[in-house]
Amino acid sequence: METMKAVVLEKPKVLKMEIRNRPVIMEDEVLVAVKCVGICGSDIHYYEHGKIGNYVVEKPLILGHEASGEVISIGRNVKKFNVGDKVVIEPGVTCGKCEYCKSGRYNLCPDVKFLATPPVDGALCEYLAVKEDYLFKIPDNIEYDVATLVEPLSVGIHGAIRGNVKLGDNVLILGLGPVGLLTILAVKAFGASQIIAVDVQPLRLNAANELGATHIINAKDSNYKQLILEATQNVGPDVTFETAGSKETSRLAFEITKRGGRIVLIGLLPDNEVSVNINSIVDNEYNIYGVFRYANTYRKAIDVLSNNLEKVKKLITHRFKFDEATEAFEFVRENKDKCIKAVITV
């Protein structure tokens with residue numbers, strides 16, 4: 001059997017290059033030569049702690065789920081792809097049979113197998129066997145590194161759909177990691193007129209400005225809440241996105257959104273609970289939406305990237321080679337003020 005190289009998390013903070021068997025594709029699968037993999041916050045969390053909530057790394061695990069590559073062979077029943085196609089991989093394979101899959105909300109499938117979520121191996125390897133339905137062609141003008149942004153952009157697009165962002169909305173985004181920054185592009189695509197971007201890192205605030213946010217606010221400013229209100233004529237945003245995953249920003253979303261507004265919760269908190277004023281939620285008649293990954297977003301995300309190529313290229317601040325995986329993970333872990341998005345070329 002042919003072999004391949006893979007970057008494997010053996011235990012927290014220990015990555016090793018291993019030789020694994022190259023996957024053998026089934027009739028409805030495509031063999032993809034992985035070209036580039038983005039490092040996600042979840043990858044860093046598994047690397048550092050060996051778990052995220054209920055998901056625990058109990059055996060060696062290949063990390064990475066933001067992946068692009070080239071088709072090198074196809075199963076005999078595959079109709080939509082040819083050898084040589086540039087593709088991006090949707091990392092969650094669902095059962096296709098449950099009520100969530102059949103109703104189009106397949107991201108809620110209880111039997112999903114998601115790349116780099118234990119016990120499912122991820123994409124930091126030379127080859128992946130992928131079901132045809134979870135592959136999407138990318139145009140020639142999107143390079144493999146930029147294509148890895150389709151996955152985090154999909155989170156923002158799904159959030160914009162959940163939050164019913166529409167023409168003329170004033171939108172507040174709390175937290176400007178890759179998902180928060182890409183949410184700027186998502187809400188612009190849905191017609192938002194004002195986008196207020198809030199963070200504490202100058203690098204990320206500058207990136208938000210280049211992506212088209214209309215108001216840039218540093219949360220280290222003691223007056224930042226008033227600045228948010230002033231940007232919305234003192235009524236609050238129509239839609240607030242919490243993407244930071246902190247207690248303070250989670251509480252702020254419920255304090256500052258306009259009456260009758262929408263609150264979209266994307267960030268995952270280190271602790272499961274945060275105190276909020278339930279009476280305020282009732283009095284203000286807030287609509288609250290949780291966002292778990294995405295569904296039916298990849299084609300839209302590819303279009304949005306295609307229309308914003310020069311802007312999104314700047315989000316990839318660091319690039320590493322395949323054999324520099326440990327250096328890459330350590331750098332991202334220790335330099336959140338210097339790095340927006342790091343990718344590994346396989």
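Residues numbered from 1 in each chain as written. Predicted model: local features only at pLDDT ≥ 70, side-chain atom pairs only at ≥ 80, totals over all residues. Heavy atoms only, no water.

Describing the sheet that holds strand β6 (residues 61-62)
Argument step 1. The antiparallel open sheet is built from three strands, whose spatial order is β2-β1-β6. Of all the strands in the sheet, just β2 (14-21) and β6 have a single pairing partner and so form its edges.
Argument step 2. Of the pairings in the sheet, the one linking strand β1 (residues 3-11) to β6 comprises two bridges and is antiparallel in character. Its bridge partner being in β6, Val8 is matched across the sheet by Ile62. (Pairing = 2+ DSSP bridges. Helix = DSSP H or I, 4+ residues; strand = E, 2+ residues; numbered from the N terminus.)

Here's the deal with a nonpolar patch on the surface
Argument step 1. A cluster of nonpolar side chains, Tyr55, Tyr100, Leu108 and Phe292, forms an exposed patch at the surface whose accessible area comes to about 340 Å².
Argument step 2. You can see Tyr55 is positioned in strand β5 (residues 55-56). (Patch = residues over 30% accessible without salt bridge, like charges linked within 9 Å, V, L, I, M, F, W, Y side chains within 5 Å. Areas by Shrake-Rupley, 256 points an atom, 1.4 Å probe, with all protein chains shown as cover. Salt bridge = Lys/Arg side-chain N within 4 Å of Asp/Glu carboxyl O.)

Remarks on the pattern of salt bridges
Argument step 1. Counting across every chain of the model gives 20 salt bridges.
Argument step 2. Of the charged contacts, one joins Asp121 and Arg20 as a salt bridge, the two residues approaching to 3.3 Å between their closest N and O atoms. Placement of the pair is Asp121 in the loop between β10 (113-114) and β11 (127-131) and Arg20 in strand β2, with a sequence separation of 101 residues.
Argument step 3. Since its relative accessible area comes to 28%, Asp121 is described here as partly exposed.
Argument step 4. On the accessibility criterion, Arg20 (22% relative accessible area) is partly exposed.
Argument step 5. When the shortest N-O distance is used, the salt bridge between Arg76 and Glu27 registers 2.7 Å. (Buried < 20%, exposed > 50% of the residue type's maximum accessible area, 1.4 Å probe, protein only.)

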